[in-house]
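Observations on chain architecture
Each chain, letter by letter, is given below.
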Amino acid sequence: MRSSSIRSRAWRTPVPAAALTLAGAMVAFGLTGCAAEPDPGTVTVLNSATDTAEHEANQDFFDRCAEPLGLRVEQISVPADQVASKALRMASSDSLPDILELDGSQVPQFAETGGLLPIGEAGVDTSVFSESANSLGSFDGTQYGVARSVNSLALIYNVDMLAEAGLEPPTTWEELQTTAAALTRGDTYGMAFSASPNADGVYQFLPFFWSAGGDEAHLDDGAGVPALQLWKDLVDAGSASRSVVNWNQQDVNDQFISGRAAMMINGPWQVPVLDGQTDVDWAVASIPVPQAGGDPVPPIGGTVMTVPRNDDAPERVSNAGRVLECLNSEENQLAWGERVNNVPTRAEAAQAYREANPKLAPFADLVLTARSRTAEVGTRWPVVGDALAGAFQSVLTGRSSPEQALDAAQRQAAAGE
């Protein structure tokens with residue numbers, strides 16, 4: 001198994017408030033073409049690859065695709081929470097990039113106003129990608145972007161702690177509660193997860209909410225109540241720390257590798273840190289489900305490469321499409337997935353990844369049943385996500401019952417439409 005110092009951030013990128021303004025600016029400026037006469041042989045990419053290792057890895061793959069085409073790729077990398085504002089400034093100066101890399105949850109805000117080109121019109125074939133991956137780059141039935149790799153969440157556990165207790169990784173919620181209680185000893189909690197009032201906590205709550213049948217469009221229908229009750233029961237029993245309301249996903253990983261948590265919910269972006277320490281022997285299992293035999297439904301995360309609409313420069317659109325087609329070949333997807341510990345989105349590449357990385361195989365299985373956060377509520381997701389965060393924070397701090405919390409969350413989400 002290959003690991004990397006690159007840490008995927010897409011799962012936790014918030015949608016900037018500027019995204020809607022940006023989308024309008026893309027329509028206002030992006031359709032008119034660029035006044036500055038860009039170099040026709042250069043494909044520009046706006047992304048959030050500010051980490052040196054991540055930036056260099058991206059450039060390696062861009063170069064291997066661009067050079068045979070007689071092109072070069074120039075990355076414009078800014079922090080993830082600044083991608084929207086940077087794109088707005090580029091749009092206002094008629095200098096939009098040829099490829100805009102977004103978090104999957106941002107695509108609806110950009111696509112809604114027509115500022116993005118349907119990716120098929122750039123010559124990119126997405127029929128070979130998994131359904132869950134395609135959902136990440138879609139809006140209102142149209143494919144606007146392509147994800148070359150994706151990630152999700154799984155149960156990561158301390159092999160020695162479970163073995164010493166004579167336990168197997170839990171597969172159901174009942175087993176999760178029993179196992180977490182048995183592993184809680186001294187300063188060690190049986191279970192750790194993030195319940196922070198932001199994107200990290202929401203991302204970690206969704207596997208439980210969705211696997212229980214929760215509906216983000218109808219938060220008060222009662223289906224999500226058992227998921228909130230499960231989290232509450234774990235905390236009330238002392239099997240999980242009350243500090244989960246303050247922990248982000250990195251904090252959860254810190255608790256795990258320090259031996260203060262026997263199991264945790266987390267993603268493959270933690271693999272470099274997990275591989276870099278020698279104190280904990282760790283393994284990955286699927287996320288427990290309400291009843292035996294059910295399929296877990298975690299969120300799918302990752303970045304999506306889109307092509308801003310540029311009707312006056314078809315050659316630029318064509319070049320962007322050719323680069324994207326190459327990046328998403330089976331060979332390149334597999335190599336990229338192994339580089340960043342993410343699962344390729346082509347079926348053949350995903351299977352090869354699974355076979356080459358058996359320790360991370362559960363992630364490859366989980367992305368098959370994973371869902372996009374925006375698939376049902378589209379541009380309303382930021383409001384719905386905030387409402388869900390308020391619900392589990394209220395329950396875990398004892399301010400309301402699960403039923404009351406989700407009723408209030410639905411009112412909050414409806415008011416924010």
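Residues numbered from 1 in each chain as written. Predicted model: local features only at pLDDT ≥ 70, side-chain atom pairs only at ≥ 80, totals over all residues. Heavy atoms only, no water.

A short note on the sheet that holds strand β2 (residues 72-77)
This is how the line gets drawn: Strand pairing follows a simple DSSP-based rule, namely that at least 2 bridges must link the two strands. By definition, any uninterrupted DSSP run of H or I lasting at least four residues is a helix, any uninterrupted run of E lasting at least two residues is a strand, and each is numbered from the N terminus. Here a residue-residue contact requires only that any non-hydrogen atoms of the pair lie within 4.5 Å. Every axis corresponds to a line fitted to the C-alpha atoms, with the helix fit spanning only the stretch in contact, and the corresponding angles, defined between N-to-C directions, vary from 0 to 180 degrees.
Strand order across the open sheet formed by five strands is β2-β1-β3-β11-β6, with mixed pairing between neighbours. The open sheet is flanked by β2 and β6 (145-146), the only strands paired with a single partner. The pairing of strand β1 (residues 42-47) with β2 spans six bridges and is classified as parallel. Pairing of V45 across the sheet is with Q75, part of β2. Across the face of the sheet, helix α2 (residues 52-66) comes into contact with β1, β2 and β11 (303-306) while running at roughly 155 degrees to β2. In this fold helix α3 (residues 83-92) packs onto β1, β2 and β3 (99-103), with an angle of close to 140 degrees to the strand it touches most, β1.

Considerations on the packing of α2 against helix α13 (residues 330-340)
Worth spelling out the cut-off: Put simply, angles under 35 degrees are roughly parallel, angles over 145 are roughly antiparallel, angles from 65 to 115 are roughly perpendicular, and the rest are oblique. When residues are grouped by polarity, Ala, Val, Leu, Ile, Met, Phe, Trp, Tyr, Cys and Pro land in nonpolar, Asp, Glu, Lys and Arg in charged, and all others, Gly among them, in polar.
Interaxial distance between α2 and α13 falls to 11 Å at its minimum, and their mutual angle equals 170 degrees. Taken together, α2 and α13 sit at an angle that is classed as roughly antiparallel. Contacts from A57, N58, D60, F61, R64 and C65 in α2 reach N332, A335, W336 and R339 in α13. Each residue belonging to the contact of α2 with α13 can be placed in one class, and the counts come to five nonpolar, two polar and three charged.

Thoughts on the pattern of salt bridges
Here is the rule we go by: Criterion for a salt bridge: a side-chain nitrogen of Lys or Arg within 4 Å of a carboxyl oxygen of Asp or Glu. Three labels apply to residues, based on accessible area from a 1.4 Å probe with only protein chains included: buried if under 20% of the type maximum, exposed if over 50%, partly exposed otherwise in between.
Following the criterion strictly, the structure yields nine salt bridges and no others. When the shortest N-O distance is used, the salt bridge between R316 and D98 registers 2.5 Å. Of the two residues, R316 is situated in helix α12 (residues 314-327) and D98 in the loop between α3 and β3; the sequence distance between them amounts to 218 residues. No difference in accessibility class separates R316 from D98, as the two residues are buried. The salt bridge partner of R371 is E376, with a shortest N-O separation of 3.7 Å.

Structural notes on the side chain of N328
Put simply, the test is: N or O atoms within 3.5 Å of each other form a polar contact, as long as, within protein, one can give a hydrogen and the other can take it, and as long as residues adjacent in sequence are counted only when both atoms are side-chain atoms.
Within the element layout of this structure, N328 appears in the loop between α12 and α13. Judged by its relative accessible area of 2%, N328 is buried. Within polar-contact distance, the side chain of N328 engages the side chain of Q333 at 2.9 Å. If we ignore the near neighbours within four places in the chain, the residues touching N328 are F129, V146, A147, R148, Q333 and R346.

Some remarks on the confidence of the model for the protein
Using the following cut-off: One number per residue, pLDDT, summarises how confident the predictor is, and it ranges from 0 to 100.
When pLDDT is averaged across the protein, the result is 90; 91% of the residues are at 70 or more. For the stretch residues 1-21, pLDDT sits under 50, and the model shows 66 contacts to residues farther than four places along the chain or on other chains. Low pLDDT, under 50, characterises residues 27-35; the predicted model gives this stretch 25 contacts beyond four residues in sequence or across chains.

Points about the state of the cysteines
So the rule is basically this: The rule for a disulfide is simple: a pair of cysteine sulfur atoms within 2.5 Å.
Overall, the coordinates contain one disulfide when judged by the stated rule. The residue that forms a disulfide with C65 is C326, at a sulfur-sulfur distance of 2.1 Å. Between C65 and C326 the disulfide shows an S-S torsion of about -80 degrees. By sign, it is left-handed. With a gap of 261 residues between them, C65 in helix α2 and C326 in helix α12 connect regions that are remote in the sequence.

Description of the side chain of N332
With respect to the secondary-structure elements, N332 resides in helix α13. Accessibility expressed as a relative area gives 6% for N332, which makes it buried. A distance of 2.8 Å separates a polar side-chain atom of N332 from the backbone oxygen of C326. If we ignore the near neighbours within four places in the chain, the residues touching N332 are F61, R64, C65, C326 and L327.

Re the pairing of β1
Keep this limit in mind: Whether a crossover is right-handed comes down to one check: with the strands pointing away from the viewer, does the path from the first strand over the helix to the second run clockwise; if it does, it is right-handed.
The buried fraction of β1 is high, at six of six residues. Along β1, one buried face is formed by T42, T44 and L46 and the opposite face, lined by V43, V45 and N47, is buried too. Regarding topology, α2 serves as the crossover connection from β1 to the parallel β2, and that connection is right-handed. As judged from the two bridges shared by β1 and β3, these two strands associate in the parallel manner. Bridged to V45 within β3 is I99.

Let's talk about the sheet that holds strand β10 (residues 282-285)
Strand order in the open sheet formed by three strands is β9-β8-β10, with antiparallel pairing between adjacent strands. Every other strand in the sheet has two partners, leaving β9 (263-266) and β10 as the edge strands with one partner each. Taken over all neighbouring pairs, the strand axes of this sheet differ in orientation by 30 degrees on average, direction set aside. In the packing of helix α10 (residues 249-257) onto the sheet, contacts are made with β8 (154-158), β9 and β10, and the angle to β9 comes to roughly 155 degrees.

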